[in-house]
Amino acid sequence: MNIRLLTAFYLFIFTSCAAQKVDVLVVGGGASGTTAGIQAARMGVNTLIVEETAWLGGMLTSAGVSAVDGNYKLPSGIFGEFRDSLEKYYGGANALKTGWVSNVLFEPKVGNDILQKMVKAQAKLSVWQNTKFVSSKKTADGWNVTVEKNGINQLISAKIMIDATELGDVAKACGVKYDIGMEARSVCGEDIAPLQANDIIQDLTYVMILKDYGVNKTIAKPEGYDASKFYCTAQSPNCTNPTSGQTVWSKDKMMTYGKLPNGKYMINWPIEGNDYYVNILEMNELERKTALDKAKQFSLCYLYYLQTELGFSTYGLDDSQFPTADKFPMIPYHRESRRIHGLVRFNVNHVTKPFTQPEALYRTGIAVGDYPIDHHHKRYLEWDKLPELHFYPVPSYNVPIGVMVPQDVDNLIIAEKSISVSNLLNGSTRLQPVVLQIGQAAGAMAAISVQQQKPIAATSVRLIQTSLLDADGYLMPYLDLAKNDIHFKAIQRIGATGILKGEGKNVGWSNETWFYTDKTVLVSELKQGLSDYEPAFVWSASETELSVSSALNLLVQFAGFYHKDTVTVERVKAEWTKLGLSTFSLERKITRKEFAVLLDYFIQPFLLKQIDFKGNFITVPTEVMESKIPIHMKYNSGKIVVQNIDVSKLELFNENGQLLARSSSNSISYKTSKCICILNVYIGNALVKSEKILIQ
């Protein structure tokens with residue numbers, strides 16, 4: 001055998017058999033995959049992203065959809081960081097308002113550059129570009145995954161895998177159950193769902209980024225060109241039969257819809273534009289390529305129409321955006337994917353009436369969104385037989401953590417658009433800000449699973465939520481306070497317990513939810529909230545609106561119920577100003593913000609009772625509750641001792657959810673100069689206490 005061929009052969013064998021070991025493997029470097037990798041690495045676990053293209057960001061960049069939809073007032077987590085970076089690059093928030101479809105528009109190349117820099121800043125994060133998922137095999141402690149990197153198969157061993165692919169291909173390969181298309185109304189009970197299920201998904205789009213070259217750039221007439229398909233894309237003498245209820249804009253208005261900075265134009269036009277219907281989800285690789293080539297050809301036909309019929313002859317595909325020979329994005333914009341069967345299925349009812357559903361999913365929020373339900377179906381031949389879902393109004397909402405966890409497969413997290421939601425609600429959760437947050441939550445969940453050495457479904461929801469709060473994330477979609485407000489986290493935590501509930505509403509084009517921080521506390525509402533949280537706690541008040549005096553007495557009584565004997569009226573008075581509250585007076589009524597801040601600080605109900613993935617409070621063992629065993633702790637010379645002989649395990653975490661130490665006895669050692677930590681105390685297999693402590 002030729003020496004060169006022999007060397008290549010052994011190199012192939014070596015790279016195929018020597019496994020790359022990581023804690024977390026993220027398959028797909030799209031919107032959610034990128035944020036998943038960043039968050040997991042920031043929390044201290046070794047993470048690898050594998051991505052088929054040369055870019056990061058998926059729909060935001062590689063697909064050319066560089067116009068962020070929604071969340072303008074909810075800049076949660078890494079999405080907020082990304083937006084801040086765009087503002088810094090272009091020179092402020094107003095510099096991003098170049099078109100009318102969005103308040104955040106940018107060039108795809110710039111978006112990729114920003115994400116690449118964010119990734120490179122993480123020491124524990126690696127990225128393999130031009131790498132394709134091939135197969136996966138479950139192991140006793142994780143996954144063995146084969147990928148094709150630059151034409152050579154490589155093996156990766158990972159404890160946790162995150163499916164952040166565009167179409168949920170990894171979930172399918174791992175045996176996860178899933179749905180395609182619209183569920184029947186009977187499945188989720190959504191009034192606007194069709195009576196019968198179908199396999200119809202949303203239109204996809206091959207986006208185009210154009211620029212005005214100032215000279216004729218008219219392309220050759222594409223094969224299969226039919227001008228009639230685009231007659232009503234804008235006002236035209238040929239538009240004689242526009243779709244009922246659909247606005248036909250002027251051609252200039254249409255073109256500036258997706259105008260980007262630096263004189264670029266994003267063409268992602270839904271009105272007889274370049275949307276294209278095809279369902280490629282169950283096709284093989286060759287069938288997908290053939291179908292997507294037709295979708296790209298359809299966009300070329302639309303470009304030809306713009307150039308020849310609407311007079312934009314000097315506009316052509318931007319030659320400075322994508323590293324592709326044809327100047328098209330690397331991937332199409334997929335609006336819909338497979339949707340897994342998760343621990344919970346999130347639907348429209350959970351969004352419109354979150355506090356009256358059988359499942360308290362709002363308590364488990366890890367991402368927030370405020371975009372209406374927006375489905376694109378007009379290129380489906382029988383679109384008029386489908387529900388009308390064009391900007392169906394909903395309040396702003398939070399996404400429950402259980403949508404990312406498949407029912408029957410361990411050590412796998414699902415992100416991107418393949419989460420467990422109804423087909424209808426996917427029309428809102430698919431938007432970029434929500435998907436970016438879902439990825440960040442997936443990364444946090446993966447990191448905590450690795451550090452806790454627990455299966456995904458056994459991870460602490462509250463620890464994951466705490467790590468997201470500490471990363472400037474939102475758990476609840478409350479608009480009252482900005483994330484840099486000193487009381488933001490308190491409102492988020494109390495909101496996630498349900499002791500005080502907000503109100504969601506649709507106002508014109510705005511979908512909102514408010515905590516109403518400045519309103520007074522209604523006794524009737526508080527009684528219901530406390531009863532939902534702790535049915536065994538009973539209190540009475542003669543007032544309709546809670547006074548400061550009654551609030552302080554209630555805090556002391558509630559603290560006593562949980563054996564927090566250090567909470568007294570005098571202590572609350574002393575801490576009032578230190579907590580950033582003002583105008584102390586026992587006689588006046590207390591505001592919802594003030595009570596939430598006091599409740600969060602003195603009682604810590606967010607951490608006091610753990611929750612499961614459906615938002616149920618996890619019950620402490622009966623024998624512990626009945627005897628009301630107090631948990632007493634002391635810290636001395638680097639050792640924390642819980643003075644209860646029946647303690648079976650202790651876990652110590654920092655505020656980001658990172659595991660610091662674990663012990664199978666009633667004492668745990670940890671030495672530091674100063675650290676705010678979370679101590680979990682177990683009796684048997686039950687977590688009976690989770691408390692914030694200060695180690696000095």
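Thresholds applied
- Residues numbered from 1 in each chain as written.
- Predicted model: local features only at pLDDT ≥ 70, side-chain atom pairs only at ≥ 80, totals over all residues.
- Heavy atoms only, no water.
- Phe/Tyr/Trp six-rings, centres within 6.5 Å; stacked < 30°, edge-to-face > 60°.
- Helix = DSSP H or I, 4+ residues; strand = E, 2+ residues; numbered from the N terminus.
- Buried < 20%, exposed > 50% of the residue type's maximum accessible area, 1.4 Å probe, protein only.
- Lys NZ or Arg CZ within 6 Å of the ring centre and 35° of its normal.
- Arc of directions from axis to C-beta.
- Contact = heavy atoms within 4.5 Å.
- Pairing = 2+ DSSP bridges.
- Axes fitted to C-alpha atoms, helices over the stretch in contact; angles between N-to-C directions.
- Disulfide = S-S within 2.5 Å.
- Left-handed = near helix turned anticlockwise from the far one by under 90°.
- Nonpolar A, V, L, I, M, F, W, Y, C, P; charged D, E, K, R; others polar.

According to the stated counting rule, one finds 28 aromatic pairs in the structure shown. Considering the side-chain rings of tyrosine 533 and phenylalanine 558, the 6.3 Å spacing of their centres and the 70° angle between planes classify their relative orientation as edge-to-face. You can see tyrosine 533 sitting in helix α14 (residues 523-533) and its partner phenylalanine 558 sitting in helix α15 (residues 548-561), a full 25 residues away along the chain. In terms of burial, tyrosine 533 and phenylalanine 558 fall into one category: buried. Plain terms: the ring middles of phenylalanine 558 and tyrosine 562 are 5.3 Å apart, the flat faces sit at 70° to each other, and that makes the pair edge-to-face. A relative accessible area of 1% places phenylalanine 558 in the buried class. The ring of phenylalanine 312 carries lysine 251 above its face, with NZ or CZ at 5.7 Å from the centroid.

Every buried residue of α14 is listed here: Val523, Leu526, Gly529, Leu530 and Tyr533. The buried residues of α14 occupy an angular sector of 125° when projected down its axis, which confines them to one face. Those residues of α14 that are buried are in contact with α13 (488-497), α15, α17 (592-602) and α18 (605-608).

The next thing to look at is the sheet that holds strand β12 (residues 259-260). The sheet built from four strands is open, its strands ordered β12-β13-β11-β15 with antiparallel pairing. Of all the strands in the sheet, just β12 and β15 (315-317) have a single pairing partner and so form its edges. Helix α8 (residues 285-308) rests against β11 (208-212), β13 (264-267) and β15 of the sheet, and its axis sits at about 25° to β11.

In the structure shown here, the tally under the stated rule is one disulfide. Across the disulfide, cysteine 232 is cross-linked to cysteine 239 (sulfur-sulfur distance 2.1 Å). Classification of the bridge connecting cysteine 232 and cysteine 239 rests on its S-S torsion, roughly 105°, and on that basis the disulfide is right-handed. The exposure classification of cysteine 232 matches that of cysteine 239, with both residues buried. Not part of a disulfide, cysteine 301 finds its nearest cysteine sulfur in cysteine 232, a span of 18 Å.

Let's shift gears to the packing of helix α16 (residues 569-576) against α17. Packing of α16 against α17 brings their axes to within 12 Å, and their N-to-C directions diverge by 115°. Between α16 and α17 lies a crossing whose hand is right-handed. Contacts between α16 and α17 involve Arg571, Val572, Glu575 and Trp576 from the first element and Glu594, Leu598, Tyr601 and Phe602 from the second. The class makeup of the residues in the contact of α16 with α17 is five nonpolar, no polar and three charged.

Moving on to the pairing of strand β7 (residues 142-149). Here eight bridges tie strand β6 (residues 131-139) to β7, and the two strands are oriented antiparallel to one another. Paired with serine 136 across the bridge in β7 is valine 145. Turn length for the β6-β7 hairpin, with the two strands adjacent in sequence and antiparallel, is two residues. Across seven bridges, β7 lies against strand β8 (residues 152-163) in antiparallel orientation. Counted as the bridge partner of asparagine 144 is serine 157 from β8. Counting the residues between successive antiparallel strands, the hairpin from β7 to β8 contains two residues, one of them, asparagine 150, with a positive phi of roughly 50°.

Below, the discussion takes up unusual backbone geometry. Positive phi is not limited to glycine here, since asparagine 150 has a value of about 50°. Position of asparagine 150 among the secondary structure elements: in the loop between β7 and β8. If you check the backbone angles, glutamate 416 has positive phi at about 55° while not being a glycine.

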